[in-house]
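Residues per chain are reported as follows:
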Amino acid sequence: MSDKRPQDARGTVRRDADVIIVGAGAAGVAAAVTAARQGLRTVLLERYGFCGGGAVAGLSGTVCGIYEATDDAGAPPRKAVFGFLDTFIAEMEARGGLGPPVRYGKTFTRVHDQLIWREAADALLESAGVEIFFHTTVAAVTLDGDRVLGVTAHTKEGTFDFRAPVTIDASGDADVTAMAGFPNFIGDEGRVQNPTMIFRLLGVDVDRFLARYGSDTIMPPDVTEMIQTANAGNEYRLPRSKIWMFTTTRPGELLANCTRIVGRDGRELNPLFAADFTEAEVEGRRQMREYARFFRDHIEGCEDSFVNDTGVQVGVRQTRQIDGVYRLRNADVTGGAKFADGIARSPWPIELHAGAKPKVHWLLNDVYEVPYRCFVPARGEGLIAAGRCLSAEHEAVASARVTAQCFSYGHAIGHAAAICVKEGLQPRDVDGARIRRILNDEGARLDG
């Protein structure tokens, strides 16, 4: 009888480090740079050939979560988040890849160039001495009981066996946590926010566009009404009527966040499932073309516009999250909660992208804090999370997932990893208040 076992004759390469970081989005990059600067042998694994995660592959295009929200329409931007965010902003600005603050409803955001985001991350990682493995897909976790010893990953070279005392799950989807069999959950009883195909338009007369629609990137009510009318008349397929349009650092360009991707059966598609992820990509491209056609036909300044680019993949807002020692509550966000072990501040609203019009709940003239405990798995050792897979309730993560906060999470978790390695501790044994003090010493201004 023939042997039908799966085979890979390329062999396995063993690589030891002090910390392994899975995922090179904002949280993964911040964690890697921070850990390496503390003298740790740091390995960063990324499935794409570049850093950026949702900000770059998903083309989210903005650094959200920097500024407080206010009802005072004439108030200038009031910065609320500091620390590693400032390091990355400086790197982007030096390359001309970050625009000035632009109005986003009651707050502001900043639009970045996705190509320069990649280069800024490359420069910071290389200068810190991080060993980067691009085009590397984690496939399994190595366990000793409930302790994570490392991960195995597929590359074109073959399988790598990475080992370290600490592994950071910055995958966005809590992939390492799920592979290890540690407790996790998905959205609101399995229901997640829908993905979005974001795209860029070139050939736009930006001056005419701004003169007609104003500087708020949330398009005005008359545009919403035009979309609703066009969709109702079956002239276009435009399932979302409340849309965002951002000027960028490039001349004649707009970044369009407007699609609403649901399944043929009306479900919110979950990118954790291969069929859903595939359907989302195809439907996202269909909707991108419909909105682009509508803009050419009806939006002033867009008459000669054309699609320049889309995300490498659909933008993913929510999938799997860790079940942490603490779960950030919706009430923590809306009430501006503060914690002794708060390691990140956020002024960003809860954004629920469901139905034709997203729902936004603002926290005005205040911030809430995210405690360290949200990143420590309720069960499991040698593992800690960073990024949008933190332990948080459905509505809370709709605020806590954005880029500025992910930089803060990575900054904190990089320090937590360094403490674990240098002092032989497990992540759950690290005092979050101690990390807060370290972050403040590095300019995070968590105490205001």
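On a predicted model such as this, the values are computed, not experimentally measured, just so you know.

Moving on to the packing of aromatic side chains. Scanning the entire structure with this criterion turns up 19 aromatic pairs. Members of the aromatic cluster, connected to one another through ring pairs, are F199, Y236, Y291, F294 and F295. The ring of F50 has R118 lying over it, and the distance from NZ or CZ to the ring centre is 3.9 Å. We note R327 situated over the ring of F185; from NZ or CZ to the ring centre the distance is 3.8 Å.

Our next topic: the domain arrangement of the protein. Examined at the domain level, the protein breaks down into domain 1 (12-191 + 318-442) and domain 2 (199-310). Computed over C-alpha atoms, the centres of domain 1 and domain 2 are 28 Å apart. Across the boundary between the two partners, domain 1 contributes 29 residues, which contact 24 residues of domain 2. Note on domain 1 versus domain 2: buried area summed over both sides is about 2000 Å², and carbon and sulfur give 64% of it. Between the two partners, domain 1 and domain 2, sit five residue pairs in polar contact (both at pLDDT 80 or more). The set of elements that each furnish at least two residues to the side of domain 1 that touches domain 2 consists of β5 (98-104), β6 (107-112) and α3 (114-128).

On to unusual backbone geometry, then. The backbone of H135 sits at a positive phi, close to 55 degrees, despite the residue not being glycine. One can find H135 in the loop between β7 (131-133) and β8 (137-144). Even without glycine at this site, A174 takes up a positive phi of about 50 degrees. With respect to the secondary-structure elements, A174 resides in the loop between β11 (166-169) and α4 (175-180). Relative accessible area serves as the criterion here: at 0%, A174 is assigned to the buried category.

Procedures and definitions
Residues numbered from 1 in each chain as written. Predicted model: local features only at pLDDT ≥ 70, side-chain atom pairs only at ≥ 80, totals over all residues. Heavy atoms only, no water. Phe/Tyr/Trp six-rings, centres within 6.5 Å; stacked < 30°, edge-to-face > 60°. Lys NZ or Arg CZ within 6 Å of the ring centre and 35° of its normal. Domains from an automatic or database assignment. Contact = heavy atoms within 4.5 Å. Buried area = accessible area lost by both parts, 1.4 Å probe. Polar contact = N/O pair within 3.5 Å; in protein donor to acceptor, adjacent residues only side chain to side chain. Helix = DSSP H or I, 4+ residues; strand = E, 2+ residues; numbered from the N terminus. Buried < 20%, exposed > 50% of the residue type's maximum accessible area, 1.4 Å probe, protein only.

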